[in-house]
Amino acid sequence: MGRYDLALIGFGGVNRALAELISQSGERLAKELGFALRVVAITDLRAGSLVDTDGIDLAPLLAAGPGKLSFAGPAGGSADPRNEWVIREVPADIVVEATFTNPTDGEPALSHVRWALESGKHVCTTNKGPVALAGRALKQLAAERGVSFEFEGSVLSGTPILRTAERMFAGLEITGVQGIMNGTSNYILGRLEEGVGLPAAIAEAQELGFAEADPTADIEGHDVQLKVMILANEVLGADLRREDVFCEGISAITPDEVRDAASKGLRWKLVGSATRHEDGSVDARVAPLALPAQHPLAGISGPVNAVAFHTDLLGTVTVCGPGAGRIETAYALLSDIIAIHRRHAADDTAPTRPVLQETHRV
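Residues numbered from 1 in each chain as written. Predicted model: local features only at pLDDT ≥ 70, side-chain atom pairs only at ≥ 80, totals over all residues. Heavy atoms only, no water.

### Some words on the pattern of salt bridges
- Evaluation of the coordinates by the stated rule reveals 21 salt bridges.
- Between Arg 191 and Glu 194 there is a salt bridge whose closest N-O contact spans 2.2 Å.
- Residue Glu 194 is classed as exposed on the basis of its relative accessible area of 56%.
- What you see here is one network of salt bridges that share partners, running through Glu 150, Glu 152, Arg 163, Asp 336 and Arg 343. (Salt bridge = Lys/Arg side-chain N within 4 Å of Asp/Glu carboxyl O. Buried < 20%, exposed > 50% of the residue type's maximum accessible area, 1.4 Å probe, protein only.)

Right, dumping it as structure tokens:
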């Protein structure tokens, strides 16, 4: 049976959930998938970095409480994350990038992905920044190095929206997409519909774990803007930059407006959309819309996400599912790893795993 050695870049909720999955269900997954997974390196901004080319014992790391984890003590550990060294030098097959999203320039995740691809390593990531801002260049780099760059979780978390479009819609012409792609804003709009004020609704979403401490990206539409760019570029063949996508959030919508719309059979939703025209150009935008009840996105409630694909032969096809959650997003990473395996398992030209130089150990 084959095995993939992983380097986890970032050890927050998502990569920690992937480590839990490997630790608790590794044997079952190996039997089902035909390959094993082993973590040989972890880096984290707060905890530092840990390397063991024979495989890291994940159980004690997962047992550590929030904020209590430090890699400074164990053999192969350091208080320094050493991201570039770990990515370039540690003999991992797949680099799993799950650090924070920077919507401005994609850093540091963009560099993490580039270093890995330059080193001949496969990459899977949930990070929207590198995919939205430099996806075309990174895919070209991956092709030149004979490796894969996978990012299913960058749009709808564990719901396989990109692979659905790629694999299940063959023979269809997709002319546009519309989606509810941010569970936080969707939950908040639902609470406004029930008469709760915006600050209270945001606080509720934070308490439930839907919203970040700083909810600006969710409330002002920036998170959806990046996801629309990814969908437009991947599904519609566009090459959009951030400034090409008009973006308006939900902060100006009042509970009275939401309730008034509901009384008329309309529901406010933050909708990201992209449309391809006959000349091949693509328009994209993010804006709140009051949708009629018959619209395929009108009934999407709470933290659930959905994307409606407009096609030539099937009309509108809507895919919905969880758009957030650490376990759900970790599944997206697992699905990326499975995709890498299926693409490269029989490829004799796959990159050779490098050998870690002892002089680099800390």
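Past the structure itself, the notes keep going.
### Comments concerning the nonpolar core
- By size, the foremost hydrophobic cluster in this structure holds 70 residues, and its most contacted members are Leu 117, Phe 149, Ile 161, Ile 188, Leu 231 and Phe 309.
- Ranked by the residues each element gives to this core, the list is headed by helix H11 (residues 222–235), at eight residues.
- Inspection of this core shows a minimum of three residues originating in each of domain 1 (2–157 + 326–360) and domain 2 (161–322).
- In this view, Phe 309 contacts Ile 161, Ala 165, Phe 169, Ile 174, Gly 176, Val 177, Val 235, Gly 315, Thr 316, Val 317 and Val 319; residues no more than four positions away in its chain are not counted.
- If you look at the next biggest cluster of nonpolar residues, it comprises 31 residues, including Phe 11, Ala 17, Ile 56 and Leu 334. (Core = buried A, V, L, I, M, F, W, Y, C linked by side-chain atoms within 4.5 Å. Helix = DSSP H or I, 4+ residues; strand = E, 2+ residues; numbered from the N terminus. Domains from an automatic or database assignment. Contact = heavy atoms within 4.5 Å.)

### Quick notes on the sheet that holds strand E5 (residues 94–97)
- One open sheet holds the seven strands; their spatial order is E4-E3-E2-E1-E5-E6-E7, and the pairing between them is mixed. Either end of the sheet is taken by a strand with one partner, and the two such strands are strand E4 (77–78) and strand E7 (149–150).
- Pairing of strand E1 (residues 2–9) with E5, which is carried by four bridges, proceeds in the parallel orientation. Pairing of Leu 6 across the sheet is with Ile 94, part of E5.
- Of the strands in this sheet, E1, E5, strand E6 (122–125) and E7 touch helix H4 (residues 109–118), which is tilted by about 175° from E5. (Pairing = 2+ DSSP bridges. Axes fitted to C-alpha atoms, helices over the stretch in contact; angles between N-to-C directions.)

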